[in-house]
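If you want the building blocks of each chain, they are given just below.
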Amino acid sequence: MSRALPSFEPVGELKFGQVGIANLRLKSLDDDLLAQELRQKLETAPQLFQRAPVVLDLSHLPQLPDAERVRAVLATVRASGMLPVGLAYGTSENEALARALDLPLFAKFRAAYESTAAAPEAAAVVANVAAAPPRATPPPPSAARGAAGMLQALPVRSGQQVYARGSDLVITAVVGHGAEVIADGSVHVYAALRGKAIAGAQGDTSARIFCQDFQAELVSVAGHYRVLEDIPADLRGKPVQVWLEGEKLLLARLGP
Amino acid sequence: MTEFIVITSGKGGVGKTTSSASIAVGLAKHGKKVAVIDFDVGLRNLDLIMGCERRVVYDFVNVIHQECTLKQALIKDKRYENLHVLAASQTRDKDALTKEGVERVLNELKDEGFDYVLCDSPAGIEKGAFLAMYFADRAIVVVNPEVSSVRDSDRILGLLSSKTRRAETGATPVMQHLLLTRYNPARVVAGDMMSIDDVKEILGIEVLGVIPESEGVLAASNSGVPVILDEASNAGLAYDDAVARLLGQTRAMRFLDAPKKGILSRLFGS
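Residues numbered from 1 in each chain as written. Chains lettered and ligands numbered in written order. Predicted model: local features only at pLDDT ≥ 70, side-chain atom pairs only at ≥ 80, totals over all residues. Heavy atoms only, no water.

Colleague: Is there a simple way to explain the nonpolar core in this structure?
Modeller: Soluble globular proteins tend to bury their nonpolar side chains together. Residue and element names in this part refer to chain B. Counting 53 residues, the largest nonpolar core has Phe39, Phe60, Leu86, Leu106, Leu109 and Leu160 as its most contacted members. Ranked by residues supplied to this core, first place goes to helix 7 (residues 147-160) with five residues. The contacts of Phe39, once residues within four sequence positions are left out, are Phe60, Lys94, Leu97, Val102, Cys119, Asp120, Ser121, Pro122, Gly128, Leu131 and Ala132. Of all hydrophobic cores here, the second largest spans 36 residues; its members include Ile7, Leu208, Tyr239 and Ala242. (Core = buried A, V, L, I, M, F, W, Y, C linked by side-chain atoms within 4.5 Å. Buried < 20%, exposed > 50% of the residue type's maximum accessible area, 1.4 Å probe, protein only. Helix = DSSP H or I, 4+ residues; strand = E, 2+ residues; numbered from the N terminus. Contact = heavy atoms within 4.5 Å.)

Rendered as C-alpha cells:
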C-alpha cells in the first residue's frame, strides 16, 4: 500500500579506509607448532585476538606452498580463534594462489615484500634475529614488536586516534586536545602532547611515554593510567617521560 | 580552473557566513567569477547577509533534485555581476543534500567557468558540513580566539585531512587556512582572550587573516551589505587583506595591537 519514497542515496556506500589487520608472517610450515604459538598468543590477550582478522604472509617461506597446503594452514589459524581474511601481496604465483583459494590479496604489505626481495640477505638476518629467542619460554609481549616503530608525521587532531599495533609509535607533530595516540610499545612525541597517550596497550609494562612538551589529558602504561586534571606546574610544557615502576605510574622531567 | 573553497569551523556562531559573504565579494571585486553556496539547509542565512533574501525563488535543494536549472537558482548580486549566490532551502533539512547531487551542481559550476566556488558550511560535523567540505580544494577554517572554537577547528582540520575527496583519492591534500575572527587585541593583552600565536601553535596551520571584533560587522549583517564593502571599518579592511592573501599577494597583518589611548581619544572617546 505505502509506496517507497524515491531515495537519493545509493543502497551501498563504498569506502576505502585503513583498517588495522594483523599480519601473520610464516617462517616455516609446521601446523602443530603454529597452532601452539597462536594458542599462546590468544591466551595473553583473548579480547584482542579472538576473531581478529588476520592476513597470511607467505613471502618469508623458502618456497610457496600449493593451495591444498595453504588451506590446511588457514584451517589451523581458524581453529586457533583468529579469522584469516586474505593473503599478503607477493609475486604473480602468490596471486595465482590467492585466486585458487578465492581470497583477496592485501596490497598494503607489498612494500615490505619487495624490499626483502631486493635484499634477501638482510631479510634473512632479521629473520634469524627474530627467531633467536628460545621457543621453550613464552615470548614476552615486547618480542612481538616490530623492529621499527610506526611514524606519524601529520598532526593528530581532536577526535582522531592513531594506534601502532605491535610496535612503538613515533609522532613528530602535535597531538591535539581530545586526540588519542596508542601503541603496544612506547609512545614518543617530538612536539606538544595535549591529548591522551596510551603505551603498552597490550600489557607491556616496560613501555614508556616520552614527549617534548607535556600537556597531556591522560597518560597510561599497561593499563595503569592517570588523568591529569591539573598538570603539575613543574611538568607543564616540559619534556617528560612516563613509566611504570611496579604498580606505580611515574611522571618525571626528562634531561637536565 | 575552478577552485572549490569551503568555509567551515565546526562550532556555530564564529562567523562562517559573514566570512563567506565578505570573501565572495572580495574575490568578485578582484574581477573573479564567483559563486557562493549556502550549505546550511534549513537554517539559511547567507541570503540575508548578501542582501538578496527577497530574490530567492529557487534554491540549492531544488537544483539538486532537478526541479529547476542551475541558472534559474543562481542569484546575481546587485553590486557585482560576476558574483552569484545559491541560497539554501529554508523548508528542508540536511538530508535533502546528496553527495551525487552536490557533485553534479559543482561540476556544472565548473563548466560554467566560475573561478571560485565558495561553500558556506553549516556548523557541526554532520551531513551538511561533510558535503560542504567533501569536494574542497581549499579550506578556510574560521576560528574565534577561545578554547571551544579552537578545539572544534582542530576536529574539522582532522576531518579535512581524512574525509574529503582529496584525502580519499590520495590527491594533494586540501589546502588549509585559518581565519581568526572576533579578535580583540585589548582583551588579548588583558589575558581574557587567546592570542593569535596561541591559536597558531595549537592548530599548527598558517593564518590567512585576523578580523578584529568590530561593530561594523553587526551593522553590515543587518543591512545586507557584506562588511568588506564598509571601508570605514577595520573588519572590512582586514577581510580585504585576507582576500588579497588568498590570491597570493603579501599583505602585512593589521589590527593585532591594542590601540593606545591618546589624550584626544581619552577626551572624546574612540
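Still more ground to cover, so stick around.
Colleague: Is there a simple way to think about the interface of chain A and chain B in this case?
Modeller: A common measure of how large an interface is: the accessible area buried when the components associate. Contact with chain A, which involves 13 residues of that partner, is made by 17 residues of chain B. For the pairing of chain A and chain B, the buried interface totals around 1,300 Å² over both sides, and the portion due to carbon and sulfur atoms is 44%. For B:Glu201, the salt bridge is made with A:Arg194, and the minimal N-O distance between the two is 2.7 Å. Remark: the boundary between chain A and chain B carries five residue pairs in polar contact (both at pLDDT 80 or more). Of the residues that constitute the side of chain A that touches chain B, the class distribution is three nonpolar, five polar and five charged. (Buried area = accessible area lost by both parts, 1.4 Å probe. Salt bridge = Lys/Arg side-chain N within 4 Å of Asp/Glu carboxyl O. Polar contact = N/O pair within 3.5 Å; in protein donor to acceptor, adjacent residues only side chain to side chain. Nonpolar A, V, L, I, M, F, W, Y, C, P; charged D, E, K, R; others polar.)

Colleague: What am I meant to see in the packing of aromatic side chains here?
Modeller: Within a pair of aromatic rings, the relevant descriptors are the distance that separates the centres and the angle that separates the planes. All names here are of chain B. Taken as a whole and judged by the stated rule, the model has three aromatic pairs over all chains. Both rings, one in Phe39 and one in Phe60, keep their centres 5.0 Å apart while their planes meet at 70°; by these two values the pair is edge-to-face. On the criterion of sequence distance, the pair formed by Phe39 in the loop between strand 2 (34-38) and helix 2 (46-50) and Phe60 in helix 3 (residues 60-64) is long-range, its members being 21 residues apart. Owing to a relative accessible area of 0%, Phe60 belongs among the buried residues under this scheme. Here Phe130 and Tyr134 contribute two aromatic rings whose centre-to-centre distance is 5.5 Å and whose plane-to-plane angle is 55°, an arrangement assigned as tilted. Taken together, the residues span about one helical turn, with Phe130 and Tyr134 both in helix 6 (residues 127-134) at a distance of four residues. Among the residues examined, Tyr134 registers a relative accessible area of 7% and is labelled buried. Counting every residue linked through ring pairs, the aromatic cluster contains Phe130, Tyr134 and Phe135. In this structure, Lys33 packs its charged tip against the face of Phe114, placed 4.6 Å from the ring centre. (Phe/Tyr/Trp six-rings, centres within 6.5 Å; stacked < 30°, edge-to-face > 60°. Lys NZ or Arg CZ within 6 Å of the ring centre and 35° of its normal.)

Colleague: Sorry if this is basic, but what is going on with the sheet that holds strand 3 (residues 83-88) of chain A here?
Modeller: All names here are of chain A. The parallel open sheet is built from four strands, whose spatial order is 1-2-3-4. A strand with exactly one partner marks an edge of an open sheet, and here the two such strands are strand 1 (22-25) and strand 4 (105-106). Examined bridge by bridge, strand 3 and strand 4 share two bridges and lie parallel to one another. Within the sheet, the bridge partner assigned to Ala88 lies in strand 4 and is Phe106. The strands that helix 4 (residues 92-101) touches are strand 3 and strand 4; relative to strand 3, the one it contacts most, it runs at about 150°. (Pairing = 2+ DSSP bridges. Axes fitted to C-alpha atoms, helices over the stretch in contact; angles between N-to-C directions.)

Colleague: In this structure, what is going on with the pairing of strand 10 (residues 196-199) of chain A? I would like to understand it.
Modeller: One face of the sheet, then the other: side chains in a regular strand alternate in exactly this way. Residues and elements named next belong to chain A. Residues Ala197 and Ala199 of strand 10 are buried on one face, while the alternating residues Lys196 and Ile198, pointing to the opposite face, are not. As paired strands, strand 8 (residues 180-183) and strand 10 are joined by three bridges and run parallel to one another. Residue pairing across strands places Ile182 opposite Ile198, the latter belonging to strand 10. As judged from the four bridges shared by strand 10 and strand 12 (residues 218-221), these two strands associate in the parallel manner. Bridging from a neighbouring strand, Ala199 pairs with Val221 of strand 12.

Colleague: Teacher, can you tell me more about helix 7 of chain B here?
Modeller: Think of an α-helix as turning once every 3.6 residues; residues three or four places apart then point the same way. Residue and element names in this part refer to chain B. For helix 7, which comprises 14 residues, the first-to-last C-alpha distance of 20 Å matches the rise-based estimate of 20 Å (1.5 Å per residue) to within 8%. Listing the buried residues of helix 7 in full gives Ser149, Val150, Ser153, Asp154, Ile156, Leu157, Gly158, Leu159 and Leu160. Looking at the buried side of helix 7, the elements it contacts are strand 1 (3-8), helix 6, strand 6 (138-143), helix 8 (165-169), strand 7 (175-183) and helix 10 (196-203). (Expected span 1.5 Å × (residues − 1).)

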